[in-house]
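What the coordinates show
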Amino acid sequence: MFFMIVDPIAKLIGEWSQQIDNIYSIILKVAIVIIMGAIIGCERSSKRHAAGLRTFILTSLATTIVMMLDIYIMEKYGFKLAILSVGAIIAVAILSTNTTLYTSRSQIKGLTTSVGLWLSAIIGLTLGAGFYTITVIGFIALLSSLSLFPKFEIYLKNRSNHFEIHLELKNAKYLQEFVTTIRELGLRIDDIESNPAYANSGLSVYSVSLSIVSKELKKYKTHTEIIEALRSIEYICHIEEMQ
C-alpha cells in the first residue's frame, strides 16, 4: 500500500477500498464522489447559482480520478510529487473565479459558490487518495456551511452596527436631505460613493456605508427595519442592503 495510515472507514469496509488497482475500489470512489457532488450541486442549483449540479459533479469526479492516477504513477514509477493533482487544483481555482461576478450595484456575487467548488475539488482528492473519513467529514462541513450557516450569518449581519446600502435617489439634490434624515435617525454615514454604472439612467445612485450610533436604535432596530423606514421617503426610488 502507498499509504501507511489506515483510514478508519476504509478499515471497516476492507483493505481493498484503498487499493488503487482494485476495480471495486475505483467504482466505490466514483459512486461516492458522484453522490456527494450531486448533493452539493443541488444545494447550489436550488439557490440559482452559476455553478450547479453538473459542475460540482464533474469537478469533484475529475479530481478524484486525477488523484487515483497520481497515486498509480507514484507507486509504479517512484515519483515523489502528485503533479497532476496540483495542476487540477490550480485549474479548478482558475475555473471557480469565473463564477464570481461584480454587479452594477458594486456587490460581489458567487464568491461562496466559487470557494465551494474549490473545496469540492479538494474533497475529491481526499477520496481519490482513499481517505474516506476526511472525505465524509469535509463533505458534511461543506454542506453545513452552504445550507445551514447562511441563516445564522444573516442574523449576525442584521444585528451588526455597520452595514452598507444601495441607494437610488430621484435627483442628486436630495442627497443632502437624505444625509440630514440619516443623522436624525441616529445613524452615521461612514462613506458615500456615486455608482457610475447608472450615469445615464436619470437617477442618482450611491453606495452608502452606515453605522448605528444611537443606543436605542442599536437595541430595538435591525437593518431590515431601518431600511423599511427609509423606503417610505418619497424621493428614494429604491434602497436595499448590500450583502
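Note: the structure precedes this text.
Starting afresh in each chain, residues are numbered from 1 along the sequence in its written order. Local features in this predicted model are restricted to residues whose pLDDT is 70 or higher, and side-chain atom pairs enter the listing and the counts only when it is 80 or higher, whereas totals over whole chains, interfaces and linings include all residues. To get the side-chain values, all heavy atoms of the structure are used, and hydrogens and water are removed first.

The next point concerns the overall build of the protein chain. The helix count covers DSSP runs of H or I at least four residues long, the strand count covers runs of E at least two residues long, and both are numbered beginning at the N terminus. Helices and strands together make up the secondary structure of the protein chain, namely 10 helices and 6 strands. Here's how the labels work: a residue is buried when its accessible area is under 20% of the maximum for its type, exposed when over 50%, partly exposed in between, all with a 1.4 Å probe on protein chains only. Taken across its 243 residues, the protein chain has 40% of its residues classed as buried. Once local pairs closer than 6 in sequence are excluded, the contacts in the protein chain between residues at least 24 apart make up 65%. Accessible area of the protein chain: about 14,000 Å², with a carbon and sulfur share of 64%. Every residue pair with non-hydrogen atoms within 4.5 Å of one another is taken to be in contact. Calculation of accessible area relied on Shrake-Rupley with a 1.4 Å probe; when residues are assessed, cover is drawn exclusively from the protein chains displayed.

Quick look at a nonpolar patch on the surface now. A cluster of nonpolar side chains, Leu12, Ile13, Trp16, Ile23, Tyr24 and Ile27, forms an exposed patch at the surface whose accessible area comes to about 660 Å². Among the elements of the structure, α1 (8-13) and α2 (23-46) are those that each provide at least two residues to the nonpolar patch. Looking at the nonpolar patch element by element, the count peaks at 3 residues for α2. With respect to the helices, strands and loops of the structure, Trp16 is situated in the loop between α1 and α2. Patches here are clusters of residues that have more than 30% relative accessible area and form no salt bridge, with a 9 Å joining cutoff for like charges and a 5 Å cutoff for nonpolar side chains (Val, Leu, Ile, Met, Phe, Trp, Tyr). By definition here, a salt bridge exists when the distance from a side-chain nitrogen of Lys or Arg to a carboxyl oxygen of Asp or Glu is within 4 Å.

This paragraph deals with the packing of aromatic side chains. Working definition: rings of Phe, Tyr and Trp (its six-membered ring) pair if their centres are within 6.5 Å, and the pair is stacked with planes under 30 degrees apart, edge-to-face with planes over 60 apart, and tilted otherwise. Overall, the coordinates contain 2 aromatic pairs when judged by the stated rule. Aromatic side chains Tyr77 and Phe79 sit 6.4 Å apart centroid to centroid with 45 degrees between the ring planes, which places their arrangement in the tilted category. Seen from their ring centres, Tyr174 and Tyr235 are 5.0 Å apart, and the 0 degrees between their planes marks the pair as stacked. Of the two residues, Tyr174 sits in the loop between β3 (162-169) and α8 (175-184) while Tyr235 sits in the loop between α10 (223-231) and β6 (236-241), which places them 61 residues apart along the sequence. Charge-over-ring contacts are defined here by two conditions on Lys NZ or Arg CZ: a distance within 6 Å of the ring centre and an angle within 35 degrees of the ring normal. Above the ring of Tyr77, the side-chain terminus of Lys76 is found at 5.8 Å from the ring centroid.

Here, any two strands with at least 2 DSSP bridges between them count as paired. If you trace the 4 strands from one edge of the open sheet to the other, you get β4-β5-β3-β6, paired in antiparallel fashion. Of all the strands in the sheet, the pair left with one neighbour each is β4 (187-194) and β6. On average, adjacent strands in this sheet sit at an angle of 25 degrees to one another, irrespective of strand direction. Pairing geometry for β3 and strand β5 (residues 204-212), over 8 bridges, is antiparallel. Bridged to Leu167 within β5 is Tyr206. Note on definitions: angles span 0 to 180 degrees between N-to-C directions of axes, and those axes are lines fitted to C-alpha atoms, for helices only across the stretch in contact.

Right, let's get into the pairing of β3. Among the 8 residues in β3, 6 count as buried, and that is most of the element. Note that β3 and β6 share 5 bridges and pair antiparallel. Bridge assignment links Leu167 to a residue of β6, and that residue is Ile239.

Within the fold, Thr135 resides in helix α6 (residues 132-147). C-alpha separation for the pair Thr135 and Val33, spaced 102 residues apart in sequence, amounts to 9.3 Å.

This next bit is on the side chain of Thr64. Within the secondary structure layout, Thr64 lies in helix α3 (residues 53-77). In this structure Thr64 comes out as buried when scored by relative accessible area, which is 0%. If sequence neighbours within four positions are ignored, Thr64 has contacts with Lys29, Val33, Gly124, Leu125, Leu127 and Gly128.

On to helix α5 (residues 111-128), then. Taking 1.5 Å of rise per residue, 18 residues should cover 26 Å, and α5 covers 26 Å from first to last C-alpha, within 8% of that figure. Considered for burial, the residues of α5 that qualify are Thr113, Ser114, Gly116, Leu117, Ser120, Ala121, Ile123, Gly124, Leu125, Thr126, Leu127 and Gly128. Its buried side turned inward, α5 meets α2, α3, α4 (83-97) and α6. One or two positions beyond α5, positive phi appears at Gly130, with a value near 90 degrees. Expected helix span is computed as 1.5 Å times (number of residues minus one).

Turning our eyes to something else, we now look at the packing of α3 against α4. Two numbers describe how α3 lies on α4: the axes approach to 8 Å, and their chain directions differ by 160 degrees. If you check the angle between α3 and α4, you find them roughly antiparallel. Our pair here, α3 against α4, has a crossing hand that is right-handed. Counted together, Thr59, Thr63, Val66, Met67, Leu69, Asp70 and Ile73 of α3 and Ile83, Leu84, Ser85, Ala88, Val92 and Leu95 of α4 form the full contact between these two elements. Of the residues in the contact of α3 with α4, the class split is 9 nonpolar, 3 polar and 1 charged. Orientation categories follow fixed angle ranges, with anything under 35 degrees roughly parallel, anything over 145 roughly antiparallel, 65 to 115 roughly perpendicular, and all other angles oblique. Less than a right angle of anticlockwise turn of the near helix away from the far helix marks a crossing as left-handed, whereas a clockwise turn marks it as right-handed. Amino acids are sorted into nonpolar (Ala, Val, Leu, Ile, Met, Phe, Trp, Tyr, Cys and Pro), charged (Asp, Glu, Lys and Arg) and polar (every other residue, Gly among them).

Attention now goes to α3. Taking 1.5 Å as the rise per residue, α3 with 25 residues should run 36 Å; its terminal C-alpha atoms sit 36 Å apart, in good agreement. Positive backbone phi, at 75 degrees, marks Gly78, one or two positions downstream of α3.

These figures come from the coordinates and say nothing about function on their own.
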